[in-house]
Amino acid sequence: MKELIVIRVVYRWKVKEENFTRFQDVWSRTTNKIHETVPGALGSFMLRSPEDKTEVITVAKWNSMDSWRAFWGSENPSEMVEMRKIGERVSATVYDEIDDFTR
(Lines give C-alpha, C1' and ligand atoms only; values in the text may rest on other atoms or scores of the structure.)
Protein backbone atom coordinates (compact mmCIF):
# COMPACT_ATOMS: atom_id res chain seq x y z
CA MET A 1 0.00 0.00 0.00
CA LYS A 2 1.26 3.47 -0.90
CA GLU A 3 2.23 5.63 2.10
CA LEU A 4 0.18 8.81 2.45
CA ILE A 5 2.22 11.97 2.85
CA VAL A 6 0.46 14.93 4.41
CA ILE A 7 0.86 18.08 2.36
CA ARG A 8 0.22 21.77 2.90
CA VAL A 9 -0.91 24.00 0.07
CA VAL A 10 -0.02 27.67 0.46
CA TYR A 11 -2.33 29.98 -1.47
CA ARG A 12 -1.21 33.60 -1.84
CA TRP A 13 -3.98 36.17 -2.39
CA LYS A 14 -4.29 39.88 -3.06
CA VAL A 15 -7.43 41.23 -1.46
CA LYS A 16 -8.39 44.89 -1.35
CA GLU A 17 -8.72 46.12 2.23
CA GLU A 18 -12.36 47.09 1.71
CA ASN A 19 -13.10 43.51 0.54
CA PHE A 20 -11.25 41.68 3.30
CA THR A 21 -14.21 41.08 5.66
CA ARG A 22 -16.29 39.67 2.82
CA PHE A 23 -13.35 37.57 1.62
CA GLN A 24 -12.84 36.21 5.13
CA ASP A 25 -16.53 35.28 5.42
CA VAL A 26 -16.54 33.52 2.04
CA TRP A 27 -13.23 31.79 2.81
CA SER A 28 -14.61 30.51 6.14
CA ARG A 29 -17.69 29.00 4.54
CA THR A 30 -15.67 27.63 1.61
CA THR A 31 -12.88 26.03 3.64
CA ASN A 32 -15.34 24.45 6.07
CA LYS A 33 -17.46 23.07 3.22
CA ILE A 34 -14.35 21.65 1.52
CA HIS A 35 -13.18 20.11 4.81
CA GLU A 36 -16.59 18.51 5.37
CA THR A 37 -17.27 17.29 1.83
CA VAL A 38 -14.01 16.73 -0.08
CA PRO A 39 -12.13 13.48 0.65
CA GLY A 40 -8.65 14.12 2.03
CA ALA A 41 -9.21 17.79 2.98
CA LEU A 42 -8.00 18.32 6.56
CA GLY A 43 -8.77 22.02 7.08
CA SER A 44 -7.08 25.35 6.56
CA PHE A 45 -5.96 28.54 8.25
CA MET A 46 -5.62 32.16 7.11
CA LEU A 47 -2.85 34.71 7.63
CA ARG A 48 -2.79 38.43 6.81
CA SER A 49 0.24 40.69 6.63
CA PRO A 50 0.18 43.50 9.21
CA GLU A 51 2.32 45.67 6.90
CA ASP A 52 0.40 45.06 3.66
CA LYS A 53 -3.26 44.44 4.49
CA THR A 54 -3.89 43.29 0.91
CA GLU A 55 -1.56 40.30 1.31
CA VAL A 56 -3.45 37.23 2.50
CA ILE A 57 -2.16 33.67 2.77
CA THR A 58 -4.32 30.60 3.29
CA VAL A 59 -2.72 27.27 4.13
CA ALA A 60 -4.67 24.08 3.52
CA LYS A 61 -3.78 20.66 4.87
CA TRP A 62 -4.41 17.54 2.78
CA ASN A 63 -3.89 13.87 3.57
CA SER A 64 -2.07 13.27 0.26
CA MET A 65 -1.01 14.82 -3.01
CA ASP A 66 -3.49 12.56 -4.81
CA SER A 67 -6.40 13.93 -2.75
CA TRP A 68 -5.40 17.53 -3.44
CA ARG A 69 -4.89 16.85 -7.17
CA ALA A 70 -8.35 15.28 -7.37
CA PHE A 71 -9.77 18.47 -5.86
CA TRP A 72 -7.54 20.92 -7.73
CA GLY A 73 -8.36 19.51 -11.18
CA SER A 74 -8.10 22.36 -13.66
CA GLU A 75 -6.55 24.73 -11.09
CA ASN A 76 -9.90 26.48 -10.70
CA PRO A 77 -12.00 24.35 -8.36
CA SER A 78 -15.65 25.34 -8.44
CA GLU A 79 -15.65 25.52 -4.63
CA MET A 80 -13.28 28.51 -4.84
CA VAL A 81 -15.22 30.57 -7.41
CA GLU A 82 -16.67 33.01 -4.87
CA MET A 83 -13.25 33.64 -3.31
CA ARG A 84 -11.76 34.37 -6.74
CA LYS A 85 -14.51 36.94 -7.37
CA ILE A 86 -13.37 38.91 -4.30
CA GLY A 87 -9.60 38.36 -4.28
CA GLU A 88 -6.89 37.58 -6.78
CA ARG A 89 -5.22 34.21 -6.23
CA VAL A 90 -1.54 34.97 -6.87
CA SER A 91 -0.18 31.45 -6.45
CA ALA A 92 -0.75 27.98 -5.05
CA THR A 93 2.34 26.08 -3.91
CA VAL A 94 2.44 22.55 -2.49
CA TYR A 95 4.80 21.51 0.32
CA ASP A 96 5.32 18.16 2.04
CA GLU A 97 4.63 18.49 5.75
CA ILE A 98 7.75 17.35 7.58
CA ASP A 99 6.87 18.27 11.18
CA ASP A 100 4.12 20.20 12.92
CA PHE A 101 4.55 21.19 16.54
CA THR A 102 1.60 23.61 16.64
CA ARG A 103 -1.04 22.97 19.27
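Above this text you will find the structure in question.
Scoring rules and cut-offs
Residues numbered from 1 in each chain as written. Predicted model: local features only at pLDDT ≥ 70, side-chain atom pairs only at ≥ 80, totals over all residues. Heavy atoms only, no water. Buried < 20%, exposed > 50% of the residue type's maximum accessible area, 1.4 Å probe, protein only. Helix = DSSP H or I, 4+ residues; strand = E, 2+ residues; numbered from the N terminus. Arc of directions from axis to C-beta. Pairing = 2+ DSSP bridges. Axes fitted to C-alpha atoms, helices over the stretch in contact; angles between N-to-C directions. Core = buried A, V, L, I, M, F, W, Y, C linked by side-chain atoms within 4.5 Å. Contact = heavy atoms within 4.5 Å.

Draft legend 1. Just helix α2 (residues 65–72), in detail. All of the buried residues in α2 are Ser67, Trp68, Phe71 and Trp72. The buried side chains of α2 occupy one side of the element, clustering within an arc of 130° when seen end-on. Those residues of α2 that are exposed and angled more than 90 degrees off the buried face are Arg69 and Ala70. A positive phi of about 50° marks glycine 73, the residue just after α2.

Draft legend 2. Focus on the sheet that holds strand β3 (residues 55–62). With respect to topology, four strands assemble into an open sheet ordered β2-β3-β1-β4, the strand pairing being antiparallel. The sheet terminates laterally at β2 (41–48) and β4 (88–96), the two strands that pair on one side only. Across the sheet, the mean angle separating the axes of adjacent strands is 20° when strand polarity is ignored. Pairing of β2 with β3 involves six bridges; the strand directions are antiparallel.

Draft legend 3. Structural context of the nonpolar core. Ranked by size, the top nonpolar core spans 22 residues in total, and within it Tyr11, Trp13, Phe23, Trp62, Trp68 and Phe71 carry the most contacts. Here this core gets five residues from one element, more than from any other, and that element is helix α1 (residues 20–37). Dropping the residues within four chain positions of it, tyrosine 11 is found in contact with Val56, Ile57, Thr58, Ala60, Trp68, Phe71, Trp72, Met80, Arg89, Ser91 and Ala92.

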